[in-house]
Amino acid sequence: MALEHADVLRAAHLARLGLSDEDAAHYLDDLGRILEMVDQLQALDTQGVAPLAHPLDATQRLRADEVTETDQRDRFQRCAPAVEQGLYLVPRVVE
């Protein structure tokens with residue numbers, strides 16, 4: 001699929017981007033090279049290749065799920081403007 005100058009301007013308009021004709025010409029070249037690369041990738045045989053969530057085989061170190069702070073709910077609710085049954089009361093914003 002050949003990308004044209006008008007396509008770049010339309011995409012910019014849809015994305016609410018203001019592009020000059022000079023910028024659009026620059027992006028036309030860049031987007032054309034990106035689409036060529038996508039075509040090359042689509043030509044590859046990926047049968048039997050498992051999808052990756054991340055290119056590196058790394059595991060996330062997790063910390064222990066332990067309480068590290070004391071419960072200060074009562075202290076914070078004492079300074080709140082309105083509290084009822086342990087809940088903060090706020091003005092209604094949606095009718």
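Residues numbered from 1 in each chain as written. Predicted model: local features only at pLDDT ≥ 70, side-chain atom pairs only at ≥ 80, totals over all residues. Heavy atoms only, no water.

This is how it is decided: UniProt positions are given in the numbering used here, feature names are shortened, and annotations may be inferred rather than shown by experiment.
Named according to an unreviewed UniProt entry, the protein is Aspartyl/glutamyl-tRNA(Asn/Gln) amidotransferase subunit C originating from Halomonas tibetensis. If you open the UniProt record of the protein and go to Subunit (unreviewed entry), you find "Heterotrimer of A, B and C subunits." Within the UniProt record for the protein, the comment given under Sequence similarities (unreviewed entry) is "Belongs to the GatC family."

### Things to note about the overall build of the protein
The criterion, for reference: Here a strand is any run of E in DSSP of at least two residues, a helix any run of H or I of at least four, and the numbering for each starts at the N terminus. When we talk radius of gyration, it's over C-alpha atoms, and the globule rule is simply 2.2 Å times the number of residues to the 0.38. Contacts are residue-level and defined by heavy atoms, with any inter-residue pair within 4.5 Å sufficient. Note on areas: Shrake-Rupley with a 1.4 Å probe; residue coverage comes only from the protein chains shown. The sign given to each residue is positive for Lys and Arg and negative for Asp and Glu; His and the chain ends receive no count. All charge positions are set by atom: Lys at NZ, Arg at CZ, Asp at CG, Glu at CD.
Looking only at helices and strands, the protein has three helices and two strands in total. Along its sequence from the N terminus, the protein presents helices and strands in the succession α-α-α-β-β. The C-alpha radius of gyration computed for the protein amounts to 27 Å, which surpasses the reference 12 Å derived for 95 residues by more than 25%, pointing to a less compact arrangement than a globule. Taken along the three principal axes of its C-alpha coordinates, the protein extends 65 × 40 × 25 Å. Once local pairs closer than 6 in sequence are excluded, the contacts in the protein between residues at least 24 apart make up 17%. Counting every atom, the protein has about 9,700 Å² of accessible surface; 54% of that belongs to carbon and sulfur. For the protein, the distance from the average site of its 9 positive side-chain charges to the average site of its 18 negative ones is 15 Å.

### Observations regarding the side chain of Q77
Position of Q77 among the secondary structure elements: in helix α3 (residues 73-78). Excluding its chain neighbours within four sequence positions, the residues that come into contact with Q77 are V83, G86, L87 and Y88.

### So, a nonpolar patch on the surface
To be explicit about the condition: Exposure above 30% relative accessible area and the lack of any salt bridge qualify a residue for a patch; like charges then connect within 9 Å, and the nonpolar side chains Val, Leu, Ile, Met, Phe, Trp and Tyr within 5 Å. Criterion for a salt bridge: a side-chain nitrogen of Lys or Arg within 4 Å of a carboxyl oxygen of Asp or Glu.
On the surface, a nonpolar cluster with roughly 330 Å² of combined accessible area is contributed by Y27, L31, I34 and V38. With respect to the helices and strands, the residue I34 is situated in helix α2 (residues 21-42).

### Structural notes on unusual backbone geometry
To keep it simple, the criterion reads: Only protein chains enter the calculation, and the probe is 1.4 Å; a residue is then buried if its accessible area is under 20% of its type maximum, exposed if over 50%, and partly exposed in between.
The backbone of R16 shows a phi angle near 60°, a positive value even though the residue is not glycine. Inspection of the secondary structure puts R16 in the loop between α1 (5-14) and α2. The backbone of Q85 sits at a positive phi, close to 55°, despite the residue not being glycine. Position of Q85 among the secondary structure elements: in the loop between β1 (83-84) and β2 (87-88). You can call Q85 exposed: its relative accessible area is 76%.

### Some details on the packing of α1 against α2
Geometrically, a packed helix pair is captured by the angle between its two axes and the distance between the axes. Under the convention used in this document: Note on method: axes are straight lines fitted to C-alpha atoms, helices fitted across the in-contact stretch only, with angles between N-to-C directions ranging 0 to 180 degrees. Oblique is the label for every angle not falling under 35 degrees (roughly parallel), over 145 degrees (roughly antiparallel), or within 65 to 115 degrees (roughly perpendicular). Polar here means any residue outside two lists: the nonpolar Ala, Val, Leu, Ile, Met, Phe, Trp, Tyr, Cys and Pro, and the charged Asp, Glu, Lys and Arg; Gly therefore counts as polar.
Relative to each other, α1 and α2 sit at 105°, their axes nearing to 9 Å. Considering the angle they form, α1 stands roughly perpendicular to α2. Here α1 contributes H5, V8 and L9 to the contact with α2, which in turn contributes D21, A24, A25, Y27, L28 and L31. Grouping the constituent residues of the contact of α1 with α2 by class yields seven nonpolar, one polar and one charged.

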